[in-house]
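For reference, the chains in residue letters:
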Amino acid sequence: MGSAGKKPLVYVLDPYHPAAIELLKADTSVDVILPPEASKDDALPRATGILLRSDTRINAADLEGANSKLKFIVKQGVGVDNVDLQAAKSRNVGVFNTPGLNSESVAEMTLTLALCVARRVTEFDRKIRDGEKVVRSQMLGKSLFRKSLGIVGMGAIGSELAKKWKGAMNGPLIAFDPYAKEEAWHDLFGLEGFTRVQNLNDLLKAVDVVSLHVPLTTSTTNLIGEKELAIMKDDAILLNCARGGVVDEAALLKALQAGKLFGAGLDAMQHEPPSRARYGETLLTHPRVVLTPHVGASTEENQAMSGRRAAEILLDLIAGRGEHQSLA
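By convention here, each chain's residues receive numbers from 1 onward along its written sequence. Side-chain atom pairs in this predicted model are given and counted only at pLDDT of 80 or more, local residue features only at pLDDT of at least 70, and totals for whole chains, interfaces and linings cover all residues. Processing note: side-chain calculations cover all non-hydrogen atoms of the structure and skip hydrogens and water entirely.

**A short note on the overall build of the protein**
Rules: Every helix listed is a DSSP run of H or I at least four residues long, and every strand listed is a run of E at least two residues long, numbered separately from the N terminus. Note on classification: 1.4 Å probe, protein chains only; a residue is buried when its accessible area is under 20% of the maximum for its type, exposed when over 50%, partly exposed between these limits. Contacts between residues were defined by any pair of non-hydrogen atoms, one from each residue, lying within 4.5 Å.
Of the regular secondary structure elements, the protein holds 13 helices and 12 strands. The principal-axis extents of the C-alpha atoms in the protein amount to approximately 70 × 50 × 35 Å. Buried residues in the protein amount to 50% of all 328 residues. Of the contacts formed within the protein by residues at least 6 apart in sequence, a portion of 66% connects residues at least 24 apart.

**Considering the sheet that holds strand β10 (residues 237-240)**
Heads up, the rule is: At least two DSSP bridges between two strands are required for those strands to pair. What counts as an axis is a line fitted to C-alpha atoms, over the stretch in contact for a helix, and the angles between N-to-C directions run from 0 to 180 degrees.
Strand order in the open sheet formed by 7 strands is β8-β7-β6-β9-β10-β11-β12, with parallel pairing between adjacent strands. The open sheet terminates on both sides in strands that have one partner only, identified here as β8 (195-197) and β12 (289-291). Direction aside, the axes of adjacent strands within the sheet are offset by 15° on average. Each of β9 (209-212), β10, β11 (263-266) and β12 is contacted by helix α5 (residues 103-118), which is oriented at about 150° to β10, the strand it contacts most.

**Let's talk about the UniProt feature "domain: D-isomer specific 2-hydroxyacid dehydrogenase catalytic" (unreviewed entry) in the protein**
Condition: UniProt positions are given in the numbering used here, feature names are shortened, and annotations may be inferred rather than shown by experiment.
Residues annotated by UniProt as "domain: D-isomer specific 2-hydroxyacid dehydrogenase catalytic" (unreviewed entry) correspond here to residues 10-321. Secondary structure content for residues 10-321 is 36% helix and 14% strand, while the C-alpha to C-alpha distance between its ends is 16 Å.

**Description of the side chain of Thr-98**
Just so we agree on the cut-off: Counting of polar contacts relies on pairs of N or O atoms within 3.5 Å, with two restrictions inside protein: one atom must be capable of donating a hydrogen and the other of accepting it, and residues adjacent in sequence are counted only when both atoms are side-chain atoms.
Here Thr-98 lies in the loop between β5 (94-96) and α5. On the basis of relative accessibility, which here comes to 1%, the residue Thr-98 falls in the buried class. At 2.8 Å, the side chain of Thr-98 forms a polar contact with the backbone nitrogen of Gly-77. Ignoring anything within four residues of it in the chain, the contact list for Thr-98 reads Lys-75, Gln-76, Gly-77, Val-78, Ser-306, Arg-309, Ala-310 and Ile-313.

**Considering the pairing of β9**
Note the threshold: The handedness rule is simple: strands pointing away from the viewer, and a clockwise path from the first strand over the helix to the second, make the crossover right-handed.
Where burial is concerned, the two faces of β9 agree: the one with Val-209 and Ser-211 and the one with Val-210 and Leu-212 are both buried. Pairing geometry for strand β6 (residues 149-152) and β9, over 4 bridges, is parallel. In the strand pairing of β9, Val-152 is matched with Leu-212. For β9 and β10, the ladder comprises 4 bridges, and the chain directions are parallel. Of the residues in β10, the one forming a bridge with Val-210 is Leu-238. Following the backbone out of β9, through helix α10 (residues 226-231) and into the adjacent parallel β10, one traces a crossover that is right-handed.

**Observations concerning helix α7 (residues 156-169)**
What counts is decided by this rule: Multiply 1.5 Å by the residue count of a helix minus one, and that product is the helix's expected span.
The end-to-end C-alpha separation of α7 is 20 Å, in line with the 20 Å expected for 14 residues at 1.5 Å each. Buried within α7 are the following residues: Ile-157, Gly-158, Ser-159, Glu-160, Leu-161, Ala-162, Trp-165 and Met-169. Looking at the buried residues of α7, the elements they touch are α5, β6, β7 (173-176), α8 (186-189) and β9. Positioned one or two residues after α7, Asn-170 has a phi angle of 55°, which is positive.

**Describing the pattern of salt bridges**
The cut-off we apply is this: Here, a salt bridge means any Lys or Arg side-chain nitrogen found within 4 Å of an Asp or Glu carboxyl oxygen.
One pass over the structure, following the stated rule, counts 17 salt bridges. One salt bridge in this structure joins Arg-120 and Glu-123, with 2.8 Å as the shortest N-O distance. Given the relative accessible area of 10%, Arg-120 is considered buried. A residue is classified by how much of its surface remains accessible, and Glu-123, at 8% relative accessible area, is buried. Residues participating in the shared-partner salt-bridge network are Arg-120, Glu-123 and Arg-288.

In structure tokens, the structure reads:
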């Protein structure tokens with residue numbers, strides 16, 4: 001690497017897969033600062049480009065302190081709610097992501113959570129490890145075979161999950177997405193292969209499993225709240241592998257405690273990673289809740305692929321190669 005200041009500085013603020021780091025280090029046109037040396041406070045006044053994931057948040061105040069050298073922020077993954085897009089735009093900082101690459105992994109995790117909740121896998125595992133008496137006749141799960149799935153968000157992840165559900169469960173699909181094209185999913189399932197509704201409530205009251213795949217915006221914050229939970233079937237399963245904040249967690253806990261739902265699988269929560277300090281004896285200890293720490297995209301294969309793609313995009317931008325559309 002050359003001396004700092006003679007080359008564009010790239011700061012990697014969150015952990016990236018070694019394959020992505022190797023790609024950055026191999027490019028002699030940039031200098032790279034890696035964790036733990038890389039910090040947001042150091043990056044904002046010095047970096048030309050920043051690589052991050054969901055761990056680091058860059059808000060308007062952060063960007064006010066950024067140097068004019070900062071031109072690009074690239075987020076590994078789809079959601080960019082941890083970056084203030086309006087503030088980035090006002091500072092002429094482009095914000096980019098890696099859409100589509102996480103779809104397979106997140107859809108796989110969603111199906112995993114659905115099965116774990118339905119068959120009470122983690123609940124039974126805890127009982128066995130705690131030395132409780134296990135009476136098999138009293139430990140009944142819920143079959144998902146030919147059960148209906150409602151997918152909120154007909155993007156890449158929702159599409160992958162729909163295909164997996166059809167193949168594994170052979171159950172009906174109902175979809176809701178006010179922004180997807182009219183012909184969305186027609187090439188995947190045909191006109192008769194799924195039902196698309198124009199109202200979220202129509203989906204909620206009809207399906208056995210509800211799965212959320214939407215970004216966190218003003219319109220999706222608490223998208224599933226007390227009223228929506230009341231509409232769902234009493235033995236329904238709720239899955240959130242999207243973003244914390246899409247589900248009103250207090251309302252969800254209340255519904256679960258009242259026996260309203262069969263259970264919930266949550267890979268995304270308002271406070272991540274979820275901890276006893278944040279949640280106490282609530283969702284973390286409810287027997288019908290399965291929690292994972294926002295690791296839907298965290299497979300060895302996907303992290304290598306999507307990490308390299310984020311690095312490639314940033315190197316392209318700095319070198320003036322290719323066409324990449326900023327989200328800001």
